[in-house]
Amino acid sequence: MARAQKHKWIFQARFRARAFGWKSQPVITRVKEAVSEITKVARKDPILGAEGAVLFLQRVSAALEHVDSSSGAIGTAVTNAVDALVPIISKAPADDATRDEWLARLWQAYLDDKMPYIEVLAESWGDLCVTPGRASQWADELLPIVRTAWVSGSSYYNGTPACLSCLLAAARHDELLALIERAPYTWWFYRQYGVRALAAQGRVDAAITYAHASLGLNDSEAALARLCEEVLLAAGRVEEAYEQYAIAANQANSRLSTFRAIARKYPDKEKHHVLNDLIASTPGEEGKWFATAKHLKLYDLAVKLANQSPCEPATLNRAARDHVETHPAFARAVALASLRWLTGGWGYEITNTDVHAAYDYAIRAAEALGRQAETKAVIIEIVSSERSADNFVCQVLGRRLGLR
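Remember, it's a predicted structure, so these values are computed and weren't measured experimentally.

Engineer: When you look at the overall build of the protein in this model, what are you seeing that I'm missing?
Structural biologist: Check the secondary structure of the protein and you find 22 helices and zero strands. If one aligns the C-alpha atoms of the protein with their principal axes, the spans along those axes are about 85 × 50 × 40 Å. Residue burial in the protein is summarised as follows: out of 404 residues, 48% are buried. In the protein, the proportion of contacts linking residues at least 24 apart, taken out of those at least 6 apart, comes to 65%. On the protein, roughly 20100 Å² of surface is accessible, and the fraction owed to carbon and sulfur atoms is 50%. Taken as two groups, the 47 positive and 46 negative side-chain charges of the protein have centres that lie 6 Å from each other.

Engineer: Sorry, what's going on with helix H15 (residues 271-280) here?
Structural biologist: For H15, the full list of buried residues reads Val274, Leu275, Leu278 and Ile279. An end-on view of H15 places all buried positions within 135° of arc, on one side of the element. On its buried face, H15 is in contact with helix H13 (238-249), helix H14 (255-265), helix H16 (290-295) and helix H17 (299-308).

Engineer: Help me understand the layout of surface pockets in this model?
Structural biologist: Empty space among the atoms becomes visible once a probe the size of a water molecule is rolled across them. Approximately 420 Å³ is the volume attributed to the largest pocket. Lining of the largest pocket is provided by 15 residues; of these, Glu123, Trp188, Gln192, Tyr193 and Arg196 occupy positions nearest its centre. Only helix H8 (160-169), helix H10 (188-200) and helix H12 (221-234) provide two or more residues apiece to the lining of the largest pocket. For the lining of the largest pocket, the element with the most residues is H10, which contributes five residues. Residues of the lining of the largest pocket, tallied by class, amount to seven nonpolar, three polar and five charged.

Engineer: Hey, could you run me through the packing of H10 against helix H11 (residues 204-212) in this one?
Structural biologist: The relative placement of two packed helices is expressed as an angle between their axes plus a distance between the axes. With their axes 8 Å apart at the nearest point, H10 and H11 run at an angle of 170° to one another. Considering the angle they form, H10 stands roughly antiparallel to H11. In this structure, H10 contributes Trp188, Arg191, Gly194, Val195, Leu198 and Ala199 to the contact, and H11 contributes Ala206, Ala207, Tyr210 and Ala211. Within the contact of H10 with H11, the residues separate by chemical class into eight nonpolar, one polar and one charged.

Engineer: Help me understand the packing of aromatic side chains in this model?
Structural biologist: Counted by the stated rule, this structure contains 18 aromatic pairs. Judged by centre distance (5.9 Å) and plane angle (45°), the rings of Phe189 and Tyr190 are tilted. Under the relative-accessibility criterion, Tyr190 is labelled buried at 1%. Each ring, one from Tyr299 and one from Phe330, has its centre 4.8 Å from the other, and the planes form 50°; the classification is tilted. Taken together, the residues span a long stretch of sequence, with Tyr299 in helix H17 and Phe330 in helix H19 (residues 328-343) at a distance of 31 residues. Per residue, the accessibility class of Tyr299 equals that of Phe330, and both read buried. Connected via pairs of aromatic rings, a cluster forms that spans Trp9, Phe11, Phe15, Phe20 and Phe56. One residue, Arg191, lies across the ring of Tyr210, its end atom 4.3 Å from the ring centre. Above the ring of Tyr242, the side-chain terminus of Lys269 is found at 4.4 Å from the ring centroid.

Engineer: Can you help me understand the environment of Arg105 in this one?
Structural biologist: Here Arg105 shows up in helix H5 (residues 96-111). Accessibility expressed as a relative area gives 17% for Arg105, which makes it buried. Considering only alpha carbons, one finds Arg105 and Gln58, 47 residues apart in sequence, at a separation of 7.2 Å. Setting aside residues no more than four positions away along its own chain, Arg105 makes contact with Glu51, Val54, Leu55 and Gln58.

Engineer: For this particular structure, what's the right way to read H11?
Structural biologist: Given 3.6 residues per turn, any residue in an α-helix points the same way as the ones three and four places further on. Taken together, the buried positions of H11 are Val204, Ala207, Ile208, Tyr210 and Ala211. Down the axis of H11, the buried side of the element spans an arc of 165°, and every buried residue falls inside it. Lining the buried residues of H11 we find helix H9 (173-181), H10, H12 and H13.

What counts, and at which threshold
Residues numbered from 1 in each chain as written. Predicted model: local features only at pLDDT ≥ 70, side-chain atom pairs only at ≥ 80, totals over all residues. Heavy atoms only, no water. Helix = DSSP H or I, 4+ residues; strand = E, 2+ residues; numbered from the N terminus. Buried < 20%, exposed > 50% of the residue type's maximum accessible area, 1.4 Å probe, protein only. Contact = heavy atoms within 4.5 Å. Areas by Shrake-Rupley, 256 points an atom, 1.4 Å probe, with all protein chains shown as cover. Lys, Arg positive; Asp, Glu negative; His and termini not counted. Charge placed at Lys NZ, Arg CZ, Asp CG, Glu CD. Arc of directions from axis to C-beta. 1 Å grid on protein atoms, 1.4 Å probe; cavity = no way out; pocket = protein on both sides within 12 Å on 5 of 7 lines; lining within 4 Å. Points joined across faces, edges and corners; volume = space filled by probe spheres on them. Nonpolar A, V, L, I, M, F, W, Y, C, P; charged D, E, K, R; others polar. Axes fitted to C-alpha atoms, helices over the stretch in contact; angles between N-to-C directions. Parallel < 35°, antiparallel > 145°, perpendicular 65-115°, else oblique. Phe/Tyr/Trp six-rings, centres within 6.5 Å; stacked < 30°, edge-to-face > 60°. Lys NZ or Arg CZ within 6 Å of the ring centre and 35° of its normal.

Right, dumping it as structure tokens:
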């Protein structure tokens, strides 16, 4: 294939050495814009897109030298960028000379990465090599240095993950496993390659056993679960993957996101079955699965969860608001649950508005059901038994309920 044509990249002028100040949020935006620009170009011209990806990875670390990285947000943004750009580079139909040039430029960028921001690049080095032969050549270059570092027992070589990745990509599995055994300590970061090597040999049970023997003191059990799940799914052992690893492997930043991640991987599993398993995995936190049950339109279950353990009143109020016309029985039940948790002192930054909203939605739903008197009596009972220190709910609703 021909080499990439000259192209004026918008991100290139922005990502200059020490181009950004200390604030991380504007930089995160620029990183996302750069990835979007490269991805868009790659769809039309894969070679040019890959060239842009290499250029960005060459420039990003130096550009971020002065950015405050203490929160970890900028590091996460760059890691996500690397994850998005590696496939663009590896899948581009480049000729050997072009690919070798890309690898040389990326390796120098990796060695110059002081912070480091693009260190995860080494973990995909075997993929970037594309062919087993090229991966094997890189492994041969890196192996002597890795062995020397490990013999010393104290020297860290930042090319180690690239070496392990290349041995795996070159299908030098036994050699990779033997090398890992010479490591001066047990570390999942290294031994995960051994898990993959055993799986690639079709030794699935051995890979799972090896994985469980590979966690160091501070290693992530979630990382182990993700890889074991991946190995079992690739082997077609779906039920085993689900039962043993699905919940631990797919934890996300919200309960609903966790459910969705598992549901996507296991489309043959009934959604209510997945949700029930998730609920059972967090005893005492049933209320936190309310939004997921509501999303699935499992209204009876959602009401049960809303009353079983603390649930954020604002969440319950929104659910009541959204369903007061279409599902008034559900709206009434969750609005009453909101009042119960409010009188128990639960809720984040609760105001008068939250209390009035719970009351109003309960009454509106009751009117639609013809249960106004009954519902008001229930509310009076709830408010009268308030357990919060300052009787906040009673003070807010006292006059409306004739309690003062």
